Each structure stands twice: as C-alpha cells, then as structure tokens.
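Residue-level structure breakdown
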Amino acid sequence: MKTKGIVKILAGIIVIGGGIGYFVYQTMQSSWAYYYSVDDFAAAGQRTPEQSFRLAGTVKAGSVVRNLEQAKLEFTLAGAKAELPVQYKGVVPDNFTEDREVVVEGRLAPAGVFQADTLMTRCESKYQVKVK
Amino acid sequence: MGELGQFALRLGLFLSGYAILVDLLGFWRNRSELLRSGRNATMGSLLCLTVATVALWVLLVRSDFSISYVTEHTSLKLPLVYKLTALWAGASGSLLLWLWLQTGFVVLAFSKSGEGYERFSGSARAAANLVAVFFFLVLIFDKDPFGLSVTTPRDGAGLNPLLQHPAMALHPPTLFVGYAAFAIPYAWTFAALKRVDPKQSLLLFERARNWSLLAWGFLTIGIALGAWWAYEELGWGGYWAWDPVENSSLIPWLTATALLHCGRTFRAGSRIATWFMVLAVLTFSLCIFGTFLTRYGLVSSVHAFPEPGLGILFLVLLIHIWVIAGILFLYRRLRGKSDPVKQGAGMRFIVWNNWLLVLLAFVILVGTLFPFLSGLVSSRQISLKSEYFTKIAAPGGLVLLLLLGICPYLLRHGFNRSWRTFGAVFVGVAAMLVWVLAGKLAIAYFVVCGFVGLNLAADFVQRYTRRRTDGGAERLSGSLRWYGARVVHVGVLLTFVGIAGSGGFDIEKQLALRPGERAQIGDFELAYDDLKADHGPNFTAITAAVSVYKGAERIDLLSPSVAFYAQSGKRTSEVDVRRTLAGDLYLALTEVDNASKLINLTVYIKPLINWIWIGNILMVVGTGLVIAALGMVSDNQTERSNQIGETQQTNPSHNGVAGGQPTHGDTGNPLYGVKGWLKVFVVVNMYIGPVLFAIQTIMGFVGFAMLAEDYPGIVVVGLIEAAVRIFFVVKWIKIAGRLRDIAPGVVQEAKKWLLITLAWNVLSTPLVFMSGMDAEDLMVGAIKGLFTSIVGFAIWYSYFNVSKRVKATYPDWNK
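Residues numbered from 1 in each chain as written. Chains lettered and ligands numbered in written order. Predicted model: local features only at pLDDT ≥ 70, side-chain atom pairs only at ≥ 80, totals over all residues. Heavy atoms only, no water.

**A word on the overall build of chain A**
Definition in use: To qualify as a helix, a DSSP run of H or I must reach at least 4 residues; to qualify as a strand, a run of E must reach at least 2; elements of each kind are numbered from the N terminus. Here the term buried applies to any residue with accessible area under 20% of the maximum for its type, exposed to any over 50%, and partly exposed to those in between, with areas from a 1.4 Å probe on protein chains only. In what follows, residue pairs with any heavy atoms lying within 4.5 Å of each other are defined as contacts. Reported accessibility uses the Shrake-Rupley method at a 1.4 Å probe radius. Residues are deemed covered only where the shown protein chains occlude them.
A tally of regular secondary structure across chain A gives 2 helices and 7 strands. With 132 residues in all, chain A has 43% of them scored as buried. Sequence separation of 24 or more characterises 46% of the internal contacts of chain A that already satisfy a separation of 6 or more. Looking at chain A as shown, the accessible area adds up to about 7,400 Å², and 58% of this sits on carbon and sulfur atoms.

**Examining the overall build of chain B**
In terms of regular secondary structure, chain B is built from 24 helices and 11 strands. Counting all 815 residues of chain B, 55% fall into the buried class. Of the contacts made within chain B by residues no fewer than 6 positions apart, 73% connect residues no fewer than 24 positions apart. With an accessible surface of roughly 35,800 Å², chain B has 65% of that area assigned to carbon and sulfur atoms.

**Quick look at the side chain of Glu-749 of chain B**
Checked against the element boundaries, Glu-749 of chain B lands in helix H22 (residues 746–764). With residues near it in sequence (within four places) discarded, Glu-749 of chain B still touches Ile-735 and Arg-738 of chain B.

**Comments concerning the pairing of strand S7 (residues 561–565) of chain B**
All names here are of chain B. Our working definition: At least two DSSP bridges between two strands are required for those strands to pair.
S7 sits mainly inside the fold: 4 of its 5 residues count as buried. Two elements, strand S5 (residues 539–550) and S7, share 5 bridges in a ladder whose sense is antiparallel. For Ala-541, the partnering residue across the bridge sits in S7 and is Ala-563. In terms of strand pairing, S7 meets strand S8 (residues 571–574) through 4 bridges, oriented antiparallel. Note on S8: the bridge partner recorded for Phe-564 is Arg-571.

**Focus on the packing of aromatic side chains**
The geometry of an aromatic ring pair is captured by the separation of the ring centres together with the interplanar angle, meaning the angle of the planes. Residue and element names in this part refer to chain B. As a reminder of what qualifies: Each aromatic pair joins two rings of Phe, Tyr and Trp (for Trp, the six-membered one) with centres within 6.5 Å, and gets the label stacked for planes under 30 degrees apart, edge-to-face for over 60, and tilted for any other angle. Charge over a ring is defined by NZ of Lys or CZ of Arg lying within 6 Å of the ring centre and within 35 degrees of the ring normal.
As enumerated under the stated definition, the model contains 42 aromatic pairs over all chains in all. Judged by centre distance (6.3 Å) and plane angle (20 degrees), the ring pair of Phe-14 and Tyr-18 falls under stacked. With a gap of 4 residues between them, Phe-14 and Tyr-18 both fall in helix H1 (residues 2–29), about one helical turn apart. You can call Phe-14 exposed: its relative accessible area is 55%. Among the aromatic residues, those joined into a cluster by ring pairs are Trp-98, Phe-135, Phe-176, Tyr-179, Phe-289, Phe-292 and Phe-314. It is Arg-518 that lies over the ring of Tyr-549; its NZ or CZ is 4.4 Å from the centre.

**Side note on the confidence of the model for chain A**
As a reminder of what qualifies: pLDDT runs from 0 to 100 and stands for how confident the predictor is about each residue.
Taken over all residues, the pLDDT of chain A has a mean of 77, while the share at 70 or more is 85%. The low-confidence segment residues 125–132 of chain A, where pLDDT is below 50, has 21 contacts with residues more than four positions distant or belonging to other chains.

**A closer look at the packing of helix H7 (residues 166–181) of chain B against helix H8 (residues 183–194) of chain B**
All names here are of chain B. Formally: Lines fitted to C-alpha atoms define the axes, with helix axes restricted to the stretch in contact, and inter-axis angles between N-to-C directions lie between 0 and 180 degrees. Should an angle fall under 35 degrees it is taken as roughly parallel, and over 145 as roughly antiparallel, whereas 65 to 115 is taken as roughly perpendicular and any remaining angle as oblique. The nonpolar class holds Ala, Val, Leu, Ile, Met, Phe, Trp, Tyr, Cys and Pro. Asp, Glu, Lys and Arg form the charged class, and all remaining residues, Gly among them, are polar.
As a packed pair, H7 and H8 sit with axes 4 Å apart at the nearest point and diverge in direction by 5 degrees. Put simply, H7 runs roughly parallel to H8. Contacts from Tyr-179, Ala-180 and Ala-181 in H7 reach Ala-183, Ile-184 and Pro-185 in H8. Residues belonging to the contact of H7 with H8 are distributed by class as follows: 6 nonpolar, no polar and no charged.

**Regarding the pairing of strand S6 (residues 101–108) of chain A**
Residues and elements named next belong to chain A. Most of S6 is tucked away, with 6 of its 8 residues classed as buried. For strand S2 (residues 53–59) and S6, the ladder comprises 6 bridges, and the chain directions are antiparallel. Bridged to Thr-58 within S6 is Glu-101. The loop that links S6 with its antiparallel partner strand S7 (residues 114–121) comprises 5 residues; one of these, Gly-112, has a positive phi angle of about 90 degrees.

**Let's talk about the sheet that holds strand S2 (residues 507–513) of chain B**
Residues and elements named next belong to chain B. Taken in spatial order, the 4 strands make up an open sheet running S2-S11-S10-S9, and their pairing is antiparallel. The outermost strands of the open sheet, each flanked by one partner alone, are S2 and strand S9 (576–580). In this sheet, neighbouring strand axes are inclined to one another by 15 degrees on average, regardless of whether the strands run parallel or antiparallel. In the sheet, S2 pairs with strand S11 (residues 598–607) via 7 bridges, with the strands oriented antiparallel. Bridged to Lys-509 within S11 is Val-603. Against the sheet, helix H10 (residues 205–233) engages S9, strand S10 (583–593) and S11, with an angle of about 125 degrees to S9.

**A few points about the pattern of salt bridges**
Residue and element names in this part refer to chain B. Rules: We count a salt bridge whenever a side-chain nitrogen from Lys or Arg sits within 4 Å of a carboxyl oxygen from Asp or Glu.
Enumeration over the complete set of coordinates arrives at 16 salt bridges over all chains. One salt bridge in this structure joins Lys-597 and Asp-530, with 3.1 Å as the shortest N-O distance. Placement of Lys-597 in the loop between S10 and S11 and of Asp-530 in strand S4 (residues 524–535) is noted, with a sequence separation of 67 residues between them. A network of salt bridges, in which partner residues are shared, links Glu-232, Arg-579 and Asp-584.

**Describing the confidence of the model for chain B**
Residues and elements named next belong to chain B. With 88% of its residues at a pLDDT of 70 or more, chain B shows a mean pLDDT of 83. Put simply, helix H9 (residues 198–201) is where chain B has its lowest mean pLDDT, 66, and helix H11 (residues 244–262) is where it has its highest, 93. Under a pLDDT of 50 for its full length, residues 635–662 has, in the predicted model, 36 contacts with residues more than four places off or in other chains. On the interface metric, ipTM, the complex scores 0.73, and its pTM is 0.78.

**A closer look at the nonpolar core**
In summary, soluble globular proteins display a tendency toward joint burial of nonpolar side chains. How we decide: Only buried residues count toward a nonpolar core, which is a set of Ala, Val, Leu, Ile, Met, Phe, Trp, Tyr and Cys residues joined through side-chain atoms within 4.5 Å.
Counting residues in each nonpolar core, the largest one holds 201 residues, and the members touching the most others are Phe-75 of chain A together with Tyr-186 and Trp-188 of chain B. Look past the residues within four positions of Phe-75 of chain A in its chain and what remains in contact with it is Val-59, Ser-63, Val-64, Leu-84, Pro-85, Val-86, Phe-96, Val-102, Val-104 and Leu-119 of chain A. If you look at the next biggest cluster of nonpolar residues, it comprises 23 residues, including Leu-678, Met-686, Val-747 and Val-806 of chain B.

**A word on the interface of chain A and chain B**
Formally: Think of a polar contact as two N or O atoms within 3.5 Å of one another; within protein, one of them needs to be a possible hydrogen donor and the other a possible acceptor, and neighboring residues in sequence only count if both atoms come from side chains.
Listed by partner, the interface residues are 36 residues for chain A and 56 residues for chain B. Summed over the shared surface of chain A and chain B, the number is 1 salt bridge. One salt bridge connects Arg-66 of chain A with Glu-591 of chain B, and the closest N-O pair in it is separated by 2.4 Å. Here chain A and chain B share 1 residue pair in polar contact (both at pLDDT 80 or more) between them. Listing elements by their share of the side of chain A that touches chain B, those giving two or more residues are helix H1 (2–31), strand S1 (32–37), strand S3 (65–67) and S7 of chain A.

**Section: the packing of helix H5 (residues 91–109) of chain B against H7 of chain B**
All names here are of chain B. To keep it simple, the criterion reads: Left-handed describes a crossing in which the near helix is turned anticlockwise from the far one by less than a right angle; the clockwise case is right-handed.
Packing of H5 against H7 leaves a shortest axis separation of 8 Å and a crossing angle of 45 degrees. One way to sum up the angle between H5 and H7 is to call them oblique. The hand of the H5/H7 crossing is right-handed. Counting all contacts with H5, which are made through Ser-94, Leu-97, Trp-98, Leu-101, Gln-102 and Phe-105, the residues of H7 involved are Pro-173, Phe-176, Val-177, Tyr-179, Ala-180 and Ala-181.

**Things to note about a nonpolar patch on the surface**
All names here are of chain B. Rule in force here: Grouping into patches uses exposed residues only, defined as over 30% relative accessible area, and leaves out salt-bridged ones; the cut-off is 9 Å for like charges and 5 Å for nonpolar side chains (Val, Leu, Ile, Met, Phe, Trp, Tyr).
On the surface, Met-1, Leu-4, Phe-7, Leu-11, Phe-14, Tyr-18, Leu-47 and Val-51 cluster together to form a nonpolar patch covering roughly 740 Å² of accessible area. The set of elements that each furnish at least two residues to the nonpolar patch consists of H1 and helix H2 (32–61). With 5 residues, H1 is the single largest residue contributor to the nonpolar patch.

**Points about unusual backbone geometry**
All names here are of chain B. The phi angle at Ser-63 is positive, at roughly 55 degrees, despite the residue not being glycine. Notably, Ile-742 is not glycine yet its phi reads approximately 55 degrees, a positive angle. The topology assignment puts Ile-742 in the loop between helix H21 (713–740) and H22. The exposure class assigned to Ile-742 is buried, which follows from its relative accessible area of 6%.

**Some words on helix H15 (residues 386–413) of chain B**
Residue and element names in this part refer to chain B. The condition that has to hold: The span one expects for a helix is its residue count, reduced by one, times 1.5 Å. Note on bend: the value at a residue is the angle between axes fitted to the seven residues ending there and to the seven starting there.
Taking 1.5 Å per residue, 28 residues should reach 40 Å; H15 reaches 40 Å between its end C-alpha atoms and fits that length. Along H15, the sharpest change in direction is near 40 degrees and occurs at Ile-406; proline Pro-408 comes one to four residues later. With its phi angle positive at about 70 degrees, Gly-414 sits one or two positions after the end of H15.

Right under this line is the structure:
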C-alpha cells in the first residue's frame, strides 16, 4: 500500500513538474534576447540573430535627432570603439540625453540601422554620481 | 561628527561580536548573567547604531560636504525633507538604516525576561547579531557612510528631481522596515531549532508570527509605493517592468506570503511548522540576496548600480546562514521525535499554496539571474525580456487567485459537495478554455475574479448570519482577525482585477499634433488646443492644453507638461491623467517644438488600473486589522507560555512578568477582566496609537519640511509638538500596560493623565499659530483638533467613572 502512495506522489510531481517545466522552457525560448555591448556586437561581425536582441552603449553627443512629424527618435549608439545608428519610435524616457548609457532592444534593419522597439536609460544619480 | 559615526560603527561591531559569543556561551552553559550581558551588549549596539544614524542625519541636514555621502546625495538648495530622506538614498546609508531598524526590532522582540525566555532570546539574538556583524563589516570596510570626499566641493550633486516625490521618499524606508522585521522570524527559527523539545519552540512563536505580519505589511507598502511612483512619474504608463531591482523586492514578498499562511496555527513538530521555519530563513536570506544583487551589479540593469566592492561579504553571510541552518535542521531531525505530529487535514491547502508561491518566486529569481547564469555557461549574456516574466507570472497569479477563492472554504469544510467546490473546478476549466480560445488571459482573469468575488461575498454573508444566530458569543479579537484576513484577500482580488484590466485591455497611441488637430483613442476624442510656456527660476515649463471629448461633450481638460532645465540640460515631464474607477486616460508630452507648436503625445488608456491602488490599500488595512487583533490576544498567550517556561530549569532569575500577584478586583463578577471597551482602550493606546503617531509624525514631517522654506517657525513648532507628543505616547503606553496588568492605582492615574493630555491639547492649540502661517488656513484644523481632544477626553473620562467593568476589575478605582 505504501508504495502505491509513493508512486502516486511521484507521478503527480512528474506530471505537474514536467508540465510547468515545459511551460517555463517554452516561455524562455520565446522571450530571451542576447545582450551585447556595441563593441562586442561590432566585433562579432554584426551578425544579427533571428530575434530581437539588446544593445548597450552610450548616446553619442550631437547625434540626437528628434523627428516630431513622425514621432521618431534617431541617434547614434556608441561604444568605446564602434558605433551604430539607431531609430526608435515610442516613449522616450525623460532622462534620455547625450552621453547617457542606454540599452535598446530591437533588430538590425538591412540598411544597417538598428530599429529599436524598446529604449531603456540608466537611472541616474540616485546611487552613483560623478561629482564635478 | 563623521568620526563619531565611524567610531560608533566600530564600537557596534565589537559589541555585536561580543554579544554573539556571550549569548551562545550563556545558552550552552545556561548562565543567565552571560545571557543578560548579551542582551545588554545588543542594546549597546543599538545605541551605537542610533548615534551613527543621527550623526549621518546631522551631517546631511548641515550639508557637510566634506563627507562624500552628503555630497553625492544632497545639495544646498535641496528642500529639508529630502535632505533627511537622503539617509537612504545611497547604499551605505540604507544599509545603516536597515541595521539600525533590525537591531531595534531585535531588542524589542527578544528582551523578554522570565523563565525560559532568556535562553531562547539569547540564541535568537546570536542569530541576528551574526547578520549584524557582517553588515557592520560592510559598513566599516566597504561602504562607509562617513567616508570623506576627496576635496570638499562648494555644493553637492543634489537629488534627481524625478526622485523628489513623496512616494519615492517613503519607498526605501518602508521596504527596509520590512526587510529588517523579517530578521525576527529568522532569528526565532534559529533559536527554535536549537531547542530539541518541541514545546519549547512554541516560546515566542506568536511574536515571530506577528513580526512577520508587520514585515509583510511594510513590504507591501514599499512595493506599492514604488509601483505608484513609476506610474506617476516615469511617463511610460506602466508600473512594473520586471527589472532586477523590482524583482528583488517581489521575490521575498512571495515567500513571505507563504510564510504568513504557515503562521495560522502552530503545532510544534508538524510539517507546517517546518515550512514556517524554512520560509522564515528563506525570506530573510532573499532580502539580503536582493540587496546584494542590486548593489553589486551581478545583473546589469538600468536600475542596478554596480559599485565594485566587497559584495562577497554578503555571499559569505548567506553561506554562513544556510550552513548553520542546514546543520540545525539536521540536528533537529536526528534528535527529535521520528513520528511527525499530526496536523489538521486542511493544512494541505496551505502546503499547495506554499509550493505555488515558492515556485513562482524561484522562476522569477531564475529569470532575473538569467544573464548572469547564461554568462557562466556561454560567451554571450542572454537576458530575458519582460515578456518572460509576464507570461509566467500571469498564469501563476491566476492559479493563486483561484486558490485564494476556494481554499479558505476547503480548509474548513474539505472537499464536500458544495457550489464552491464544483464552482472552482468549473471556473478553472472555463478560464483555461477562455484563455486558449479567446487568446486573452485577461478575460480568463475576470472569470476567476468573479468567482473569487462571489466566494468572498458568501464568506462575509455566512459569517454575519452565523454571528446573529450564535448570539454574538465570539470575541472581538477572533472575528477581527478573520475580517482582517478577508479584507486582505479582497485587496488581492481587486489588485488582480486592476492588473488584468490595465494589462489586457490597454491602448497606446503615439500622436503628432498641431494646434487645433484632433485624434481618436478608444471612446475619447482628444483636441490639442494650445501650448503655454511658464518660466521659472531655473527652468522653462511648456504645458499643452488638451481637451477631452466623449461624443460631442467636452468632459475634461488635461495639461501634460515638460520642463527644461537650462543649467543642467535635464528635462522632466509631468503626465496628466484623467482618473476614474473605470480606468485612466493618461497623457504624456514627449516632444515639443516651440516654433511650430507641433507636439508628440503618448496617450494610454488603462482600464481599471485604479483598482490596483485600492486593492493595495485594502491589503495593508487588512494586515493592520489582523495585527491589532493578534495584539489583543497576546496577553492570554503570555500567561500560557509562562506556564511552559516554569518547567524550565534556569538559574534563579527574576520573574519579569509584570506584577507577581496583582490586586485583582472581584474575579467572580462576569464583567471582570480587561475586555470590551476597556480592552479597546488598552489596545489603542498600546499599539494603534503609537503606530498612528509614527505615521502622523512622518506625514507632518514631510508637510512641515515643505513649508519650512516659507515659514521656518513651523520647524520649531513641529519639533516641540513632536517631542511632547512622544512623551505622551510613551506615557500612555505605560498606563495602558498597567491597566492590562491590573496594577494598583491605575484608574486614578489614567484619569489624571486624561486631564493632563487634555490640558496640553488645549494649551498647545495656539502654538501652531506662532509659526507665522496664515491664521485662516490654520483655524479649521485647530478647531477640529480641539474638538476631537475635548470629545475624546469627555468620553473616556466618563467611561472610567461610570463603567461597571472598570469597577469590577479594579478594586481601588475610587480611591
């Protein structure tokens, strides 16, 4: 009798655990994104994965163009050695400005311009400040 | 001042380390003088921490820029209130705050003297001081709050205007109160594990449980404040981004929820008791881990602020905790009884609940750490988009919600043939179908929410009818606890309603508009009227006037704005929101061209989102009710625990229970006893009053500080009033305690102090007028206050004079 109970529990765990695990795995498969810095990406030969991926870099000074007619933002994302033009349509965080560290998520368009779906800026000055 | 702070920290480290040694030695050898020394050392450590915290505050208020912490987080022009809240703006200050609060809580929770308590408290204190030692080491050698600036600048860096918001000011301390309070159940667990006899584990269990409730409540407030701020201030229409920093507060919250549910009853040796202990240690270590995660840049995030340092110390601490916990658990297992204690049949639902919550927490944790983990196994870092979290959390939340609806019923009645059991199965299946067929999880949510709402309503109705038929034989505390828990569940339900509505049915549009142009979104039509510019001292604010039409009728005018700060080149935007219970119409002005008056607007419609905040408030209110209810019963439990304690053999120690043989009144009289309104009076003055006072003081603080620029006198008035009120609060706590313990002469004392309190309230009314503020504005408030104090006095003074219960309980009431 006891073995029957254990078998039942084991079976339950396998079924439920397996189900959940599979579900989580599937979700992961569709939601992951490579995370590159601009320099790494350039060094890797600018090979674009099928899905959207993330790029981290700094907004190059003087490269920000705000296209109000099309509600589009264009700028150059710069690393230490490489840089990449970016186009973004969407909400721009308030603290987006030149020389800010940002992370964009999107795809590389054929023309070599990165089309960003998401733009995240590093929260500034709360914990780390460069005191001038 | 800085050196004083540093010295205080070092002394605190020494005292904590010493306390661990004496407490453990005292526990092992059963020497009460060692244990008392440990207790005193811990109090000494608290004193040192108080000195350090006050020192840092003084430095911040004084704007002493020779200290780098002050330079980094404040500036000369910063309003006073934000100079004070800057204490927790940075890593070192917040760690100091955490440790200070935690040591304070430990002293409060584990200083009870009396048979058996001393040994227990000693080992609990040792566990807490272990953590304290590590925190001290970090504070002294890594993140020194009193470190000097390289050069003393003339002005500090100031606080990001985005963070100068009341919600953001209160968000860190509420979280830290929560984190610090979780140290109590953790320390209790370590102490309980050491006692082999299961009965001993009951000692102080109620305390551990009550503290975990308090901690959970504060953690909830903290998370809610953060979400609210994000929605209000960041302009992206969202409140949660599954960022690692956010997740590191959510993950312990989930395990803490499981912890709460394990605390309902305690049968030493049962499986639920083991769950409670494991969850207590787990929750606390997740709090520590979360801090480690966000401060040491394990995972890159736009919120993580990697500061290189001795992050390894946190890891070492966690390893210590888990190794010791592992040993203790094993020890208990080997030496304890082999048959597990029978627990109620309903407990399995709590166990399901626990598993689900822990699983959810684990999955979120893995997702958060994914970039780090993937970096270990491959050359590239992989991060998971926020979709991962939503896709996992949403269904998980749905199952939890369903359990929330049905389990309280099942706990009591088991799987019987009721509309509830069948309904749960039916609704579960229906929700799944809806999700698969309609593709919208939000609809499935509404289905489940409806069912849960029905369940909760039925609970309330059944309870009410039962009370009427039973003739109201229930104690106030028992039903208050039940109602409080239900209110929390209602709050959770409403929060989910809000999340489903705003998440599943929201609309977002990017608009480019010229003056006079209109745009349609949802049921609304927006007409962009005009642009207005305001010039301030260091900024220019551009406001767009947008009229909102429903059909042909103009129902609202919204004014989103952007402010440009010329000097720093920064910009901030203020969203404008039309709030209704049905949803929000949220406008953010993202781009402005002054010449052509062309604007870019981002518009969101967020249905039902306000129910999230309402739900959160209810969750906290419900928690407050439960804590109050538990505070009421703790007196009886104290006596029961004392009996257990008496069987212990310790060196003769003085019996700390107040009043060995109090002079009781007529014990035969059915009215005898601290019950009814008398009990209400005691509870309000001992527990609720101080909490309200603390909240009022903080809010008053904020209010005063905002006014301080214009009316500096108000600071002085405020400080005087606060000081005197602290005195009164403490006095009333003492009197209430003596009322509860039926001490001699307490009724006269109470009446006397009611008079004195009234006198102070009346005499202090004109004080606020001396601050220089406009008398008309103050008049209403002053009259209200005066009226309240007079009425309150009249009620309670008469009560003590005419109440039969008072006469029955206190024999010397008329002396």
